[in-house]
Amino acid sequence: MKEYWASLASLLGVLAFCQSLLQVIFPPELRFAFLKLLNRIFNVFSTYCYFDITEIDGVNTNELYNAVQLYLSSSVSISGSRLSLTRALNSSAITFGLSNNDCIYDSFNGVTVLWEHVVAPRQAQTFSWRPMPEEKRGFTLRIRKKDKSLILDLYLEFIMEKANDIRRKNQDRLLYTNSRGGSLDSRGHPWESVPFKHPSTFETLAIDPEKKMEIMEDLISFANGQSFYQKTGRAWKRGYLLYGPPGTGKSSMIAAMANYLGYDIYDLELTEVHNNSELRKLLMKTSSKSIIVIEDIDCSISLSNRKKNNGGSGSGSGSRNYYDPEMRCGGSGSGSGCEDGNNSSITLSGLLNFTDGLWSCCGSERIFVFTTNHIEKLDPALLRSGRMDMHIFMNFCSYPALLILLKNYLGYEESDLEEEMLKELKLVVDKAEMTPADISEVLIKNKRIKEKAVRELLEALKIKAERNVKNGANRQKKNSDEIEEEEEEVVEEEEQEKRALETIKNPVADLDKVFRFDYSYQSDDFPQALAALTLNDCNDSSFYVDSVATAHMTNDAGKLSSQKPFNGFDMIYVGGGTGLPISHFGTIEVAIKDQNQRTIAIRHKRGQLYALDDVFHEALSTIKMGGLPSSLWHQRLRHPNSKSLALLKKNNFIDVTHWVTKTKICISCQMGKS
Ligand SMILES: Nc1ncnc2c1ncn2[C@@H]1O[C@H](COP(=O)(O)OP(=O)(O)OP(=O)(O)O)[C@@H](O)[C@H]1O
């Protein structure tokens, strides 16, 4: 026996020596090539082929891996001998899974295949933008070569469908949030999820039954509408805008939608998203059959003021219409907001691309829901027809909605209540303007003593209705007072106008009292605005065109001849207080056209004015045709002083029939100089 151990030990020693000798003689590269060759030879002669389905594909999670895992979890629970059991946090379902490196046979269409769950430790992490899981996971599918073409595609399709079914039936809805502010988890997901357990359903939702039916039918026709969307060439998605006062059930409606269709919810927190490309990435990581929600869209982000931060640096905006808020950053559909240039914020255009641009179609069967308490605050671009397919007004509690709440909270059917009580409730509920949330509170408080609950509810409704009536009367009184005040103001304005007209007839009389000059209506650069009133350079015989406005604007930057990007924060404010961004500044060319719209003279800027020198005098020859009194020339030539007029006459540019006496003072000049 002793000898036996001794010879075994020496044999092991020889083997170890040979191994180290081999390692020295054959470097790792050579060994790797040899193994590869062996593998190839094995594959040629093997009757099987193998498919690896890894958990992470590049940087993205492999959906097929998840589907296989789910699919196998249903078969391993029956046939597996060693299983792993998992239960997600707060989840009600237990998931079976194959243990690490365990195998299972499955059959499909009479063909048997083998699945192996391969788990290997990940090598020490090289540099990565995000943490990776410690283990590499994957499934290896083994199929006979002769069966591959027969079943592979069908089998994988079957697995995907089955996984979706299982997900729908067994799995709790998931509620995703992007509250991590853009950072990714170890599996490359920007979304965090928890099981979604909201109990709201369309049955418990207290809204008018007709409206409820309409919404439910719309949802079902959407969910079953794959062929319709394909046939019509539309992306398989739908948008709902829920609006109304707080507590009318907008969030409850979203939960009811998710529970009704069995969809997951992605609750998008816009304030956590830094720019449009991040928004796009979030969208790419949402799954099909989901509802993407942006709650309180009017307060989550100030979309109309966003451009302020960008400083209007969008390049190449030559022919863009900046009056269209949608176009502020490059227009919808293209997926390229001007934010892409400086990557600093979300824009309205980015949000619209998110919902109905090209990127909104990455994935299918998705519903977008926006909610707001103030629809009037939303940018019209969001409300435009076709953008949100259905606008749903969540109103105060109506009588039919009240009956649903009574059933939910007290178990009362309409027939369980006395007729008198029903009559009274019906009479006051609309006037009370109470939200379902307010009414629920009253009912919950007394839910154990049902009669008391109904009585108290009636009392609360009456008090609220009375208050509303009183407030309404006050409002009416206030309104009539306001109307009276407005009427008085109109009369006052009319009288002022009359006085002004009388003054024009007799301009010298009391001019100051009527037209006091108001600086608030004038340009800051007032002296410059009046520059055209005089011609200072007596040696310059050019005509100068006064284009009237001191600050010109155009919605087409291409019209500017030497444009430069505008990097300031100023904006053009228009009626209603909307701020329009300024993208470029520069100079324009003044074109003079004849009757037939042919350009006969184009002039560039000289200083602050546009000069028409001798070459173009002919083009203006009609101006000097026919003599006119000096007062008319004064008005036609934008109020030059008499010295300038005399100069023009002397150079034979104008023909003055007679000089008007100084007593007739030009009112415009008076106002301008006051
Ligand atoms: N229409 C409704 N049907 C049933 N319950 C409702 C309804 N509206 C409100 N409630 C009750 O009031 C609570 C608050 O409602 P919910 O959060 O859905 O309102 P909301 O309109 O989304 O409010 P907010 O605008 O403040 O987010 C809900 O939990 C629910 O119990």
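Residues numbered from 1 in each chain as written. Predicted model: local features only at pLDDT ≥ 70, side-chain atom pairs only at ≥ 80, totals over all residues. Heavy atoms only, no water.

1. Observations concerning the overall build of the protein
Broken down by element type, the protein carries 23 helices and 24 strands. Taking all contacts inside the protein whose residues are at least 6 apart in sequence as the whole, residues at least 24 apart take part in 66%. Accessible surface, the protein as shown: approximately 41,000 Å² in total, 53% of it carbon and sulfur. (Helix = DSSP H or I, 4+ residues; strand = E, 2+ residues; numbered from the N terminus. Contact = heavy atoms within 4.5 Å. Areas by Shrake-Rupley, 256 points an atom, 1.4 Å probe, with all protein chains shown as cover.)

2. Thoughts on the pattern of salt bridges
Throughout the structure, instances matching the rule amount to 7 salt bridges. Residue D147 is joined to K146 by a salt bridge in which the shortest nitrogen-to-oxygen separation is 3.9 Å. Exposure remark for K146: the relative accessible area of 63% places this residue in the exposed category. The residue R238 makes a salt bridge to D218 at a minimum N-O spacing of 2.7 Å. Linking R238 in strand β11 (residues 237-243) with D218 in helix α5 (residues 209-223), this pair joins segments that are 20 residues apart in sequence. Judged by relative accessible area, which is 17%, R238 ranks as buried. Taking relative accessible area as the criterion, D218 reaches 15% and is therefore assigned buried. Ionic contacts of the salt-bridge type, sharing partners, join the residues D218, R234, R238 and D389 into one network. (Salt bridge = Lys/Arg side-chain N within 4 Å of Asp/Glu carboxyl O. Buried < 20%, exposed > 50% of the residue type's maximum accessible area, 1.4 Å probe, protein only.)

3. Examining the site of the ligand
Surrounding the ligand, one finds 14 residues, the nearest of these being A206, G247, K250, S251 and S252. Here G247 contributes a backbone N or O atom positioned 3.0 Å from an oxygen atom of the ligand. A distance of 3.2 Å separates an oxygen atom of the ligand from a polar atom in the backbone of T248. Starting from 620 Å² of accessible surface for the ligand in isolation, the protein chains cover 72%. Breaking the shell around the ligand down by element, the ones donating at least two residues are α7 (250-261) and α16 (436-445). Counting residues per element, the shell around the ligand draws most heavily on α7, which supplies 3 residues. (Near = heavy atom within 4 Å. Polar contact = N/O pair within 3.5 Å; in protein donor to acceptor, adjacent residues only side chain to side chain.)

4. Things to note about a nonpolar patch on the surface
A contiguous nonpolar surface patch, about 700 Å² in accessible area, is contributed by F17, L21, L22, V24, I25, F26 and L30. Considering each element in turn, the nonpolar patch owes the most residues, 5 residues, to helix α1 (residues 2-25). Following the sequence through the fold, F26 ends up in the loop between α1 and α2 (28-45). (Patch = residues over 30% accessible without salt bridge, like charges linked within 9 Å, V, L, I, M, F, W, Y side chains within 5 Å.)

5. Topic: the confidence of the model for the protein
Mean pLDDT over the protein stands at 75; residues scoring 70 or higher make up 67%. Of the regions scoring below 50 in pLDDT, residues 304-343 engages in 99 contacts with residues more than four places distant in sequence or in other chains. Low pLDDT (under 50) marks residues 504-523, which in the prediction has 19 contacts with non-local residues, meaning those over four places away or in another chain. Across the interfaces of the predicted complex, the ipTM metric reaches 0.96, alongside a pTM of 0.55. (pLDDT = per-residue confidence, 0-100.)

6. Re the packing of aromatic side chains
Under the criterion given, the structure shown has 15 aromatic pairs. Ring centres of Y71 and Y155 lie 6.3 Å apart, and the angle between their planes is 85 degrees; this geometry places the pair in the edge-to-face category. Taken together, the residues span a long stretch of sequence, with Y71 in helix α3 (residues 63-79) and Y155 in helix α4 (residues 145-170) at a distance of 84 residues. Judged on exposure class, the residue Y71 and its partner Y155 are both buried. Ring geometry for F222 versus W236: centroids 6.2 Å apart, planes at 55 degrees, classification tilted. Placement of the pair is F222 in helix α5 and W236 in the loop between α6 (226-232) and β11, with a sequence separation of 14 residues. The class of F222 is buried, set by a relative accessible area of 1%. Among the aromatic residues, those joined into a cluster by ring pairs are Y65, Y71, F108, W115, F139, Y155 and F158. The lysine or arginine in question, R142, covers the ring of Y48, its NZ or CZ lying 3.8 Å from the ring centre. The lysine or arginine in question, K450, covers the ring of Y412, its NZ or CZ lying 5.8 Å from the ring centre. (Phe/Tyr/Trp six-rings, centres within 6.5 Å; stacked < 30°, edge-to-face > 60°. Lys NZ or Arg CZ within 6 Å of the ring centre and 35° of its normal.)

7. Topic: the nonpolar core
Counting 29 residues, the largest nonpolar core has F202, I215, M253, M257, I291, I367 and V369 as its most contacted members. At the level of secondary structure, the elements contributing two or more residues to this core comprise α5, β11, α7, β13 (290-294), β14 (366-372) and β15 (390-393). With 7 residues, the top contributor of residues to this core is α7. Other than its neighbours up to four places away in sequence, I367 contacts L219, F222, R238, Y240, L261, Y263, S290, I291 and I292. Counting residues in hydrophobic clusters, the runner-up holds 28 residues, among them L425, L443, L457 and L458. (Core = buried A, V, L, I, M, F, W, Y, C linked by side-chain atoms within 4.5 Å.)

8. What about α16?
Within the sequence span of α16, burial applies to P436, I439, S440, V442 and L443. Looking straight down α16, one finds its buried side chains confined to an arc of 165 degrees; they lie on one side. Opposite the buried face of α16, by more than 90 degrees, sit the exposed residues E441 and K445. (Arc of directions from axis to C-beta.)

9. Here we look at the packing of α5 against α7
Where α5 contacts α7, the axes come no closer than 11 Å and their chain directions differ by 45 degrees. What the angle tells us is that α5 and α7 run oblique. Between α5 and α7 lies a crossing of right-handed hand. Together, I215, M216, L219, I220 and A223 of α5 and M253, M257, Y260 and L261 of α7 make up the contact between the two elements. For the contact of α5 with α7, the class distribution of residues is 9 nonpolar, no polar and no charged. (Axes fitted to C-alpha atoms, helices over the stretch in contact; angles between N-to-C directions. Parallel < 35°, antiparallel > 145°, perpendicular 65-115°, else oblique. Left-handed = near helix turned anticlockwise from the far one by under 90°. Nonpolar A, V, L, I, M, F, W, Y, C, P; charged D, E, K, R; others polar.)

10. Points about the pairing of β14
For β14, the buried fraction is high: 7 of the 7 residues fall into the buried class. Covered by surrounding structure in β14 are R366, F368, F370 and T372 together with I367, V369 and T371, the residues of both alternating faces. Summarising the sheet, β11 and β14 pair through 7 bridges and their orientation is parallel. When the sheet's bridge partners are listed, G239 is paired in β14 with F368. Pairing between β13 and β14: 5 bridges, direction parallel. (Pairing = 2+ DSSP bridges.)

11. Overview of the side chain of K212
Within the secondary structure layout, K212 lies in helix α5. Of the side chains with opposite charge, E203 comes closest to the buried, unpaired K212, at an N-O distance of 8.0 Å. Excluding its chain neighbours within four sequence positions, the residues that come into contact with K212 are F202, E203, L205, I207 and I404. (Lys, Arg positive; Asp, Glu negative; His and termini not counted.)

12. As for the sheet that holds β14
As summarised here, the arrangement of the 7 strands in space is β10-β9-β12-β13-β14-β11-β15, forming an open sheet in which the pairing is mixed. Two strands lie at the open edges of the sheet, namely β10 (192-196) and β15, each paired on one side alone. Neighbour-to-neighbour, the strand axes of this sheet turn through a mean angle of 20 degrees, independent of strand direction. Taken together, the 3 bridges between strand β9 (residues 173-177) and strand β12 (residues 264-267) define a ladder with parallel strand orientation. Bridge pairing in β12 places Y176 opposite Y266.

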